[in-house]
Amino acid sequence: MHQITKIVRHLSTKIFEGSYVEKSQCIFVLIALATACFSILLSCTLLITDSNTGSMDRQGYQELLEISSISSLYCLILFMVGNYIRSANNRWYPQVCLYSYVIVNAIILFYIGVFSIGTGIALAGAPIIGLIIFNRRMIFSSLFSGLFILLVFSVFIQMKQLDYAPIVMDKELTYHDPVWLVTMMAFVGAHLALLVLVGNASISRWKKREAEVTFLSTTDPLTQISNRRQLMDLFKMEYLRAARSKQPISIFLVDLDHFKQVNDAYGHQSGDEALKSAADTLKETLRETDLVGRYGGEEFLAILPNTDGKAAVQVADRFRRALQAKQIALPDGQVISITASIGLHTVVPEHIGGLEHFLAEADKALYQAKHNGRNQVTIALRNAQAV
Ligand SMILES: Nc1nc2c(ncn2[C@@H]2O[C@H](COP(=O)(O)OP(=O)(O)OP(=O)(O)O)[C@@H](O)[C@H]2O)c(=O)[nH]1
């Protein structure tokens, strides 16, 4: 089962991310498999229904069996030819594969009846699958060729030059005919399986892309922590939650000291390394339930839900000491260390309107920490509600 899942995943990846040559190969492996299964099923049905074949033309079955087996072999050969095609941009190979697909299917449709459920499923499903995988020009040209072939068959059938659904002798009894049923099931089943496979892979990819877009729009690309937008959204949520539960919430604003000098002395790239290091230290110091994000250039904001002032000071100071002790390796091999000033504030919020004030008080405390000599944690006490 694990192996099957691996193969399906591999096929899905190739169908979407491979070149047109690889995509055609995947389709042909699937068709080779489907036609091989169909040939086996058809042979078994012929054996089982040997004594009761009133509604069938055995010669028609034999022909269908031959076509199906030859198709299976042809698909396998086409798949192997694909292995020898070096250039991923080869243009004729995918086109030959698509036309082969059309011709093989048109012949099978002729045998099982061009006005049947199978034809409907194939005509509805195949172009959708094709448009997802290949380009529009390729699919439209092969689709119109397929429709043209079916039209020619239909005209000849109308003119009584060709028999309608030659494998079914008694058209009245079609629905009681086991071979017709097996043929239909194999044909419809193969298209449905492909439709489900491609549909499932499309949805998975769509979800993956959506997750990527969400990640990109909420994450700071340099430090890989929340960006300011995401941070403020999370902050509002936590602030509201604290107001509802009447629990304390603490925040601390971090500003790296003399960061301009780091940039000036070691270069902007080294400054970036220092920023990443500070973000990593913050993540390492805080608890899983705490939130952290990049608030501005060299400023970070940490949000500590359900944390009173005493505990928050301990966390902030632990971070400050960890950062000071950290040896930051720069791209040019030099090792530096940096410090940070921190402004901290704690409240038990009463209404959402207090959020701006809460933040402003932490900012004031940060200013105070800078003013008092940097590399320290300052608690907002004056003019603020402390816990
Ligand atoms: N490398 C790098 N530098 C940044 C980034 N964002 C902001 N900065 C720099 O951070 C520096 C901030 O400098 P200032 O606001 O003057 O403060 P400071 O030098 O840290 O001094 P104090 O805050 O007073 O200790 C500026 O030189 C910005 O260019 C960034 O993404 N990467």
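Residues numbered from 1 in each chain as written. Predicted model: local features only at pLDDT ≥ 70, side-chain atom pairs only at ≥ 80, totals over all residues. Heavy atoms only, no water.

A.B. asks: Before we go on, may I ask you to explain the side chain of Glu238 in this structure?
C.D. replies: Inspection of the secondary structure assignment puts Glu238 in helix H8 (residues 228-245). On the basis of relative accessibility, which here comes to 11%, the residue Glu238 falls in the buried class. Sequence-distant contacts of Glu238, defined by excluding residues within four places in its chain, comprise Ile249, Leu291, Ile303 and Pro305. (Helix = DSSP H or I, 4+ residues; strand = E, 2+ residues; numbered from the N terminus. Buried < 20%, exposed > 50% of the residue type's maximum accessible area, 1.4 Å probe, protein only. Contact = heavy atoms within 4.5 Å.)

A.B. asks: Please clarify how the sheet that holds strand S6 (residues 340-347) should be interpreted in this entry.
C.D. replies: Working definition: the strands of a sheet are paired by backbone hydrogen bonds and lie parallel or antiparallel to each other. With respect to topology, five strands assemble into an open sheet ordered S2-S3-S1-S6-S7, the strand pairing being mixed. Two strands in the sheet have a free side with no partner beyond their single neighbour: strand S2 (291-294) and strand S7 (377-379). Strand after strand, the sheet turns through a mean of 20° between neighbouring axes, direction not considered. As judged from the seven bridges shared by strand S1 (residues 249-256) and strand S3 (residues 299-305), these two strands associate in the antiparallel manner. Residue pairing across strands places Ser250 opposite Leu304, the latter belonging to S3. (Pairing = 2+ DSSP bridges. Axes fitted to C-alpha atoms, helices over the stretch in contact; angles between N-to-C directions.)

A.B. asks: Would you mind going over the nonpolar core with me for this structure?
C.D. replies: A general tendency of soluble globular proteins is for nonpolar side chains to be buried together. Counting 29 residues, the largest nonpolar core has Phe252, Val254, Leu256, Leu282, Phe300, Phe319 and Ile338 as the members making the most contacts within it. Listing elements by their share of this core, those giving two or more residues are S1, helix H9 (259-266), helix H10 (268-285), S3, helix H11 (309-325) and S6. Excluding anything up to four places from it in sequence, Ile338 contacts Leu256, Val262, Ala274, Leu323, Gln324 and Ile328. Membership of the second largest hydrophobic core comes to 27 residues, among which are Phe16, Val102, Ile129 and Ile133. (Core = buried A, V, L, I, M, F, W, Y, C linked by side-chain atoms within 4.5 Å.)

A.B. asks: Looking at this structure, how should I read the confidence of the model for the protein chain?
C.D. replies: Close reading of the predicted structure is inappropriate where its pLDDT is low. Chain-level statistics for the protein chain give a pLDDT mean of 86 and a share of 91% at 70 or above. Of the regions scoring below 50 in pLDDT, residues 383-387 engages in 17 contacts with residues more than four places distant in sequence or in other chains. Scoring of the predicted complex yields 0.65 for pTM and 0.94 for ipTM. (pLDDT = per-residue confidence, 0-100.)

A.B. asks: Would you mind showing me how to read the site of the ligand here?
C.D. replies: Among the 16 residues in the neighbourhood of the ligand, the closest are listed as His258, Phe259, Lys260, Asp272 and Arg294. Note that an oxygen atom of the ligand is positioned 3.0 Å from one of the side-chain N or O atoms of Asp255. Here His268 contributes a backbone N or O atom positioned 3.1 Å from a nitrogen atom of the ligand. Of all elements in the fold, only S1, H9 and H10 reach the threshold of two or more residues within the shell around the ligand. (Near = heavy atom within 4 Å. Polar contact = N/O pair within 3.5 Å; in protein donor to acceptor, adjacent residues only side chain to side chain.)

A.B. asks: Is there a simple way to explain helix H6 (residues 136-158) in this structure?
C.D. replies: What sets the pattern is the α-helix's 3.6 residues per turn: residues three or four places apart point alike. When the terminal C-alpha atoms of H6 are compared, their 32 Å separation across 23 residues agrees well with the 33 Å that a helix rising 1.5 Å per residue should span. Those residues of H6 not exposed but buried are Met138, Ile139, Ser142, Gly146, Leu150, Phe153, Ser154 and Ile157. Against the buried residues of H6 lie helix H2 (20-48), helix H4 (92-112) and helix H5 (117-133). Its side-chain oxygen 3.2 Å from the backbone nitrogen of Arg137, Asn135 forms the N-cap of H6. Just downstream of H6, Lys160 is the residue with a positive phi angle, here 60°. (Expected span 1.5 Å × (residues − 1).)

A.B. asks: I keep staring at the environment of Ile27 and nothing clicks. Help me out?
C.D. replies: Take Ile27: it is sitting in helix H2. When the C-alpha atoms of Ile27 and Tyr101 are compared, they prove to be 9.2 Å apart, with 74 residues separating the residues in sequence.

A.B. asks: Looking at this structure, how should I read the UniProt feature "transmembrane region" (unreviewed entry) in the protein chain?
C.D. replies: Feature annotation in UniProt assigns "transmembrane region" (unreviewed entry) to the following positions: residues 27-48, 69-86, 98-126, 138-159 and 179-199. Helix makes up 100% of residues 27-48 and strand 0%. Its end C-alpha atoms lie 31 Å apart. For residues 138-159, helix accounts for 95% and strand for 0%, while the C-alpha atoms at its two ends are 32 Å apart. (UniProt positions renumbered as here; feature names shortened; annotations may be inferred.)

A.B. asks: What is the right way to read helix H12 (residues 355-371) from this model?
C.D. replies: Given a rise of 1.5 Å per residue, 17 residues ought to cover 24 Å, and the 24 Å separating the end C-alpha atoms of H12 matches this to within 8%. Buried within H12 we find Leu355, Phe358, Leu359, Glu361, Ala362, Ala365, Leu366, Ala369 and Lys370. Following H12 by one or two positions, Gly373 adopts a phi angle in the positive range, close to 120°.

A.B. asks: Just to check I follow, could you spell out the packing of aromatic side chains for this structure?
C.D. replies: For any pair of aromatic rings, the description consists of the separation of the ring centres together with the inter-plane angle of the planes. Counting across every chain of the model gives eight aromatic pairs. Where Phe110 meets Tyr111, the ring centres are 5.5 Å apart and the plane angle is 70°; that geometry is what we call edge-to-face. A ring pair is formed by Tyr239 and Phe358, whose centres lie 5.7 Å apart and whose planes are at 35°; its orientation type is tilted. Of this pair, Tyr239 sits in helix H8 while Phe358 sits in helix H12, and the two are 119 residues apart along the sequence. Exposure class is identical for Tyr239 and Phe358. Each is buried. (Phe/Tyr/Trp six-rings, centres within 6.5 Å; stacked < 30°, edge-to-face > 60°.)

A.B. asks: Which parts of the structure should I look at to understand the packing of H4 against H6?
C.D. replies: Helix-helix packing is described using two parameters, namely the angle between the two axes and the distance between the axes. The N-to-C vectors of H4 and H6 enclose an angle of 25°; their axes lie 9 Å apart at closest approach. As summarised for this structure, H4 and H6 are arranged roughly parallel, according to the angle between their axes. Considering how the two elements wind past one another, H4 and H6 form a crossing that is right-handed. Contacts from Pro94, Gln95, Leu98, Tyr99, Val102, Ile103, Ala106, Ile107, Leu109 and Phe110 in H4 reach Met138, Ile139, Ser141, Ser142, Ser145, Gly146, Ile149, Leu150, Phe153 and Ile157 in H6. Tallied by class, residues from the contact of H4 with H6 come to 15 nonpolar, five polar and no charged. (Parallel < 35°, antiparallel > 145°, perpendicular 65-115°, else oblique. Left-handed = near helix turned anticlockwise from the far one by under 90°. Nonpolar A, V, L, I, M, F, W, Y, C, P; charged D, E, K, R; others polar.)

A.B. asks: What exactly am I supposed to notice about the pattern of salt bridges here?
C.D. replies: Two side chains with opposite charge may pair up if their charged atoms get near one another. Scanning all chains against the criterion turns up 14 salt bridges. Two residues, Asp317 and Arg320, come together in a salt bridge whose shortest N-O distance is 2.8 Å. One end of the pair is Asp317 and the other is Arg320, both in helix H11 and three residues apart, which spans about a single turn. Here Arg320 falls in the buried class, since its relative accessible area comes to 12%. (Salt bridge = Lys/Arg side-chain N within 4 Å of Asp/Glu carboxyl O.)

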